[in-house]
Amino acid sequence: MNRKPATRTHSGFTLVELLVVIAIIGILVGLLLPAVQAAREAARRMSCSNNFKQLGVALHNYHSAFKQLPQNGTGPTNEMNDDCCANAVVGSASLPPVAFTRHTLSWLVGITPFIEQQAIWDQISQQHQDQNGLWWPAFGPAPYTVDYRPWNVDIPSFRCPSDPGVGLPALGRTNYGASLGDSVWRTQWGASYFGGGRWHYQNNSGRMQQVRGSCRGMFVQRSGTKFRDVLDGLSNTIMGGELVTDLGDRAIVSTGSRANGRDNVLFNPKYCEDQNQIDPERPSFWATTGVDYTASATMRGYRWADMRPLYSCINTVLPPNSEVCLIANHGGPGVVPPSSRHQGGAHVLMGDGAVIFMTDSVEAGDPRATVPHHRGNANQYGVGAPSPYGLWGALGSRASSETIQEQLNQ
């Protein structure tokens, strides 16, 4: 009797079926990846907002302790030896340290002990000798001194997780700036300035009158603003704004175009754009010719300890994520809008401590209107008048009696 051998059947995928499964998995991954990235950015954005909120709490605690906001533009300076080569600039192993901050320490320096950075504050506020044997004075040298370690520290509370900028040529970076209001005139000075071989402090001189008439924001450089000065109300006044740090890519939001001229920018904040300095094919970047860029070590947010507008300040002239257009050099005044790596806007910190995401499309009036400023005749350029920059400008000024009819924190 002949018997046929039993046949074995093999179960499994054919090559075609395997390829189909792989293709389906690839499609699903492609569909899910944007959602995962969006979720990650949402988490980073929330963390960024929380950091700003903590800075707001620190500012209120500082005000409770000292009855004023931290001064943006402070620090001791040897008035009789205020030159580029004082020993405190580079440190000294033998000579006693001489204070040389040039009154340029930012608002962020003063709040370090209020954000659990007591170790940094102790090092800054006390005379000490570093690991290289160099002596440094209390409150350190000028904030651009590379050898001074505290100015090189990246403090997590000063950084937004969405901003990838790290390392040189920056010193310690910051993504949060103090609001100087809706003007740019004299915002590099504030209540004191250096000229004629000495410092000039707040008095009745013409320049100080210009400062008082032009510096309309929550922070006035080298002056201690109090909450009682904010007549428009803390919930209606911007105290600070988010800013991006430069990545070396000629981005208009982080690389300042400089040497544009005083009157050019004062009478037209969109001067840089109107001079065709922005690349028409890539409008997020400056053109490759016809633009005087800031130097490689003087970009937006590169020095958290430096009070000058490019480094640790914002103003409410142009809406968020507009171009940075400077009057003169990196240390001078100019249009320095808030900016962020988030889509469509940037965070702002209100005077009452609320953090609001302000969109790029905020109502901002006429971007080519003359900047409110005092230059001789107090009423000649709209000093004391409503901001020409709409809701955005009104939120930046602290005492212009403008009514805010928008619900900002919805």
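Conventions used here
Residues numbered from 1 in each chain as written. Predicted model: local features only at pLDDT ≥ 70, side-chain atom pairs only at ≥ 80, totals over all residues. Heavy atoms only, no water. Helix = DSSP H or I, 4+ residues; strand = E, 2+ residues; numbered from the N terminus. Buried < 20%, exposed > 50% of the residue type's maximum accessible area, 1.4 Å probe, protein only. Contact = heavy atoms within 4.5 Å. Phe/Tyr/Trp six-rings, centres within 6.5 Å; stacked < 30°, edge-to-face > 60°. Lys NZ or Arg CZ within 6 Å of the ring centre and 35° of its normal. Pairing = 2+ DSSP bridges. Arc of directions from axis to C-beta. Core = buried A, V, L, I, M, F, W, Y, C linked by side-chain atoms within 4.5 Å. Patch = residues over 30% accessible without salt bridge, like charges linked within 9 Å, V, L, I, M, F, W, Y side chains within 5 Å. Areas by Shrake-Rupley, 256 points an atom, 1.4 Å probe, with all protein chains shown as cover. Salt bridge = Lys/Arg side-chain N within 4 Å of Asp/Glu carboxyl O. Polar contact = N/O pair within 3.5 Å; in protein donor to acceptor, adjacent residues only side chain to side chain.

Caption draft 1: Fine view of the overall build of the chain. Summing up its helical and strand segments, the chain has nine helices and 11 strands in all. The buried share among the 410 residues of the chain stands at 53%. In the chain, of all internal contacts separated by at least 6 residues, the share reaching a separation of at least 24 is 70%.

Caption draft 2: Structural detail: the packing of aromatic side chains. Within this structure, the stated rule accounts for 10 aromatic pairs. Ring geometry for Tyr-62 against Phe-66: centres 4.7 Å apart, planes inclined by 45°, an arrangement best described as tilted. Here the residue Tyr-62 and the residue Phe-66 both occupy positions in helix α1 (residues 15-66), the gap between them amounting to four residues, near one helical turn. On the basis of relative accessible area, Tyr-62 is assigned to the buried category, the value being 13%. When the ring of Trp-121 is compared with that of Phe-139, the centres are 5.6 Å apart and the planes differ by 70°; the resulting orientation is edge-to-face. On the criterion of sequence distance, the pair formed by Trp-121 in helix α4 (residues 118-125) and Phe-139 in the loop between β2 (135-136) and β3 (176-179) is long-range, its members being 18 residues apart. By way of ring pairs, the aromatic residues Trp-136, Tyr-148, Trp-151, Phe-158 and Trp-304 are connected into one cluster. For the cation-ring pair, Arg-45 lies above Phe-357, with the distance from its terminal atom to the ring centre recorded as 3.8 Å. Geometry around Phe-285 places Arg-282 over its ring, the cationic atom sitting 4.1 Å from the centre.

Caption draft 3: Region of interest: the sheet that holds strand β7 (residues 313-314). The strand order β7-β3-β6-β10-β11 describes an open sheet built from five strands, whose pairing is mixed. The open sheet terminates on both sides in strands that have one partner only, identified here as β7 and β11 (355-359). Across five bridges, strand β10 (residues 345-350) lies against β11 in antiparallel orientation. When the bridges of β11 are listed, Leu-349 appears paired with Val-355.

Caption draft 4: The environment of Val-336, seen in detail. Summarising the element assignment, Val-336 is placed in the loop between β9 (334-335) and β10. Since its relative accessible area comes to 0%, Val-336 is described here as buried. The sequence separation of Val-336 and Gly-256 amounts to 80 residues, and the corresponding C-alpha distance is 8.4 Å. Apart from residues lying up to four places away in sequence, Val-336 is in contact with Arg-300, Pro-309, Leu-310, Cys-313, Ile-314, Asn-315, Val-324 and Leu-326.

Caption draft 5: Spatial organisation of α4. By the burial criterion, the buried members of α4 are Ile-120, Ile-124 and Ser-125. Down the axis of α4, the buried set is contained in an arc of 120°. They therefore lie on one face.

Caption draft 6: Quick peek at the nonpolar core. Ile-111, Phe-219 and Trp-304 are the most contacted members of the largest nonpolar core, which totals 35 residues. Breaking this core down by element, the ones donating at least two residues are α1, α3 (107-110), α4 and β3. With six residues, the single largest contributor to this core is α1. Judged by nonpolar contacts, the second largest core, of 22 residues, contains Trp-185, Val-244, Val-317 and Tyr-389.

Caption draft 7: Structural view of a nonpolar patch on the surface. A surface patch of nonpolar side chains, amounting to about 590 Å² of accessible area, comprises Val-16, Val-20, Ile-24, Ile-27, Leu-28 and Leu-31. As for its position among the elements, Val-20 is in helix α1. Given a relative accessible area of 43%, Val-20 falls into the partly exposed group.

Caption draft 8: Summary view of the pattern of salt bridges. Under the definition given, this model contains 12 salt bridges. In this structure, the salt-bridge partner of Asp-182 is Arg-216, at a minimum N-O distance of 2.8 Å. Residue Asp-182 is located in the loop between β3 and β4 (193-195), and its partner Arg-216 is located in the loop between α5 (206-214) and β6 (238-242); the two are separated by 34 residues in the primary sequence. Taking relative accessible area as the criterion, Asp-182 reaches 0% and is therefore assigned buried. With a shortest N-O distance of 2.8 Å, Arg-308 and Asp-306 are connected by a salt bridge. There is no split in this pair, since Arg-308 and Asp-306 are both buried. One network of salt bridges, in which partners are shared, links Lys-270, Glu-273, Asp-274, Glu-323 and Arg-368.

Caption draft 9: Structural detail: the environment of Lys-270. Following the sequence through the fold, Lys-270 ends up in the loop between α6 (262-267) and α7 (271-274). C-alpha of Lys-270 to C-alpha of Glu-323: the two residues are 53 residues apart in sequence and 8.4 Å apart in space. Other than its neighbours up to four places away in sequence, Lys-270 contacts Leu-318, Glu-323, Pro-367 and Arg-368. There is a polar contact of 2.7 Å between the side chain of Lys-270 and the side chain of Glu-273.

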